[in-house]
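Structure assessment
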Amino acid sequence: MEICPACGIGVDSTWHICPKCSQALSEEAIQQAGGPKPPQRNFASTLPWYYHTIPFITSITALIVADSNLTESGPLARTLIPPICFIAGGFIGLLILNEFAKTNGEN
Ligand SMILES: [Zn+2]
């Protein structure tokens, strides 16, 4: 199987254009498009894989902390606050990951 040079997905050898990123794949299509596209940059792609576990760790930690602090509260608070803390923890983890990506020289 061939791989798209711009985005890295598997492409069929009979295709002329990548369906994900519109990279021209055949020689004629590359010439018509005026050369290959630069490689696609994904979020925090310069960091090793274990940095990408930060949002999972922060969101699950926020969920556990919120749940354990709400044992004396009413049912409405016990229903609403843990999922909100889960989402907010994941967002904070993404912000932390973004800071690591900035310090590692990603533009
Ligand atoms: Zn592609």
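What you see is a predicted model; the values in this text were computed from it and never measured.

In terms of regular secondary structure, the chain is built from 3 helices and 2 strands. Element order for the chain, N to C, with α for helix and β for strand: β-β-α-α-α. Relative to its length of 107 residues, the chain is extended, with a C-alpha radius of gyration of 22 Å against a globular reference of 13 Å. If one aligns the C-alpha atoms of the chain with their principal axes, the spans along those axes are about 70 × 30 × 20 Å. Relative to its full complement of 107 residues, the chain shows a buried share of 13%. When contacts within the chain are restricted to residue pairs at least 6 apart in sequence, long-range pairs at least 24 apart make up 44% of them.

A few words now on the packing of helix 2 (residues 54–69) against helix 3 (residues 75–103). The interhelical angle for the contact between helix 2 and helix 3, taken along N-to-C directions, is 150°, at an axis separation of 7 Å. With respect to each other, helix 2 and helix 3 are oriented roughly antiparallel. Helix-helix and strand crossings are classified by hand; for helix 2 and helix 3 the assignment is right-handed. Contacts from Ile54, Pro55, Ile57, Thr58, Ser59, Thr61, Ala62, Leu63, Ala66 and Asp67 of helix 2 reach helix 3 at Ile81, Pro82, Cys85, Phe86, Ala88, Gly89, Gly90, Ile92, Gly93, Leu94, Ile96 and Leu97. Of the residues that constitute the contact of helix 2 with helix 3, the class distribution is 15 nonpolar, 6 polar and 1 charged.

It is worth spelling out the domain arrangement of the chain at this point. Domain assignment breaks the chain into domain 1 (1–40) and domain 2 (49–103). The centre of domain 1, based on its C-alpha atoms, is set 39 Å off from the matching centre of domain 2.

Moving on to helix 2. With 16 residues, helix 2 ought to run about 22 Å at 1.5 Å a step, and its terminal C-alpha atoms sit 22 Å apart, in line with that. Every buried residue of helix 2 is listed here: Ile54, Thr58, Ser59, Ala62 and Leu63. The buried side chains of helix 2 occupy one side of the element, clustering within an arc of 160° when seen end-on. Set apart from the buried face of helix 2 by more than 90 degrees, the exposed residues are Phe56 and Ser68.

Grouped together as the largest cluster of nonpolar side chains are 5 residues: Cys4, Val11, Cys18, Ala24 and Leu25. Leaving out residues up to four positions away in the same chain, Leu25 has contacts with Cys4, Val11, Trp15, His16, Ile17 and Cys18.

A few words now on helix 3. Helix length check: helix 3 (29 residues) gives 43 Å between terminal C-alpha atoms against 42 Å at 1.5 Å per residue, within 8%. Among the residues making up helix 3, those that are buried are Cys85, Gly89 and Gly93.

Now for unusual backbone geometry. Despite not being glycine, Ser22 shows a phi value in the positive range, around 65°. With respect to the secondary-structure elements, Ser22 resides in the loop between strand 2 (10–11) and helix 1 (27–33). According to the C-beta neighbour criterion, Ser22 is exposed, with 12 such atoms within 10 Å.

Cut-offs and rules
- Residues numbered from 1 in each chain as written.
- Predicted model: local features only at pLDDT ≥ 70, side-chain atom pairs only at ≥ 80, totals over all residues.
- Helix = DSSP H or I, 4+ residues; strand = E, 2+ residues; numbered from the N terminus.
- Rg over C-alpha atoms; globule rule 2.2 N^0.38 Å.
- Buried ≥ 20, exposed ≤ 12 C-beta atoms within 10 Å, placed from the backbone.
- Contact = placed C-beta atoms within 7 Å.
- Axes fitted to C-alpha atoms, helices over the stretch in contact; angles between N-to-C directions.
- Parallel < 35°, antiparallel > 145°, perpendicular 65-115°, else oblique.
- Left-handed = near helix turned anticlockwise from the far one by under 90°.
- Nonpolar A, V, L, I, M, F, W, Y, C, P; charged D, E, K, R; others polar.
- Domains from an automatic or database assignment.
- Expected span 1.5 Å × (residues − 1).
- Arc of directions from axis to C-beta.
- Core = buried A, V, L, I, M, F, W, Y, C linked by C-beta atoms within 7 Å.

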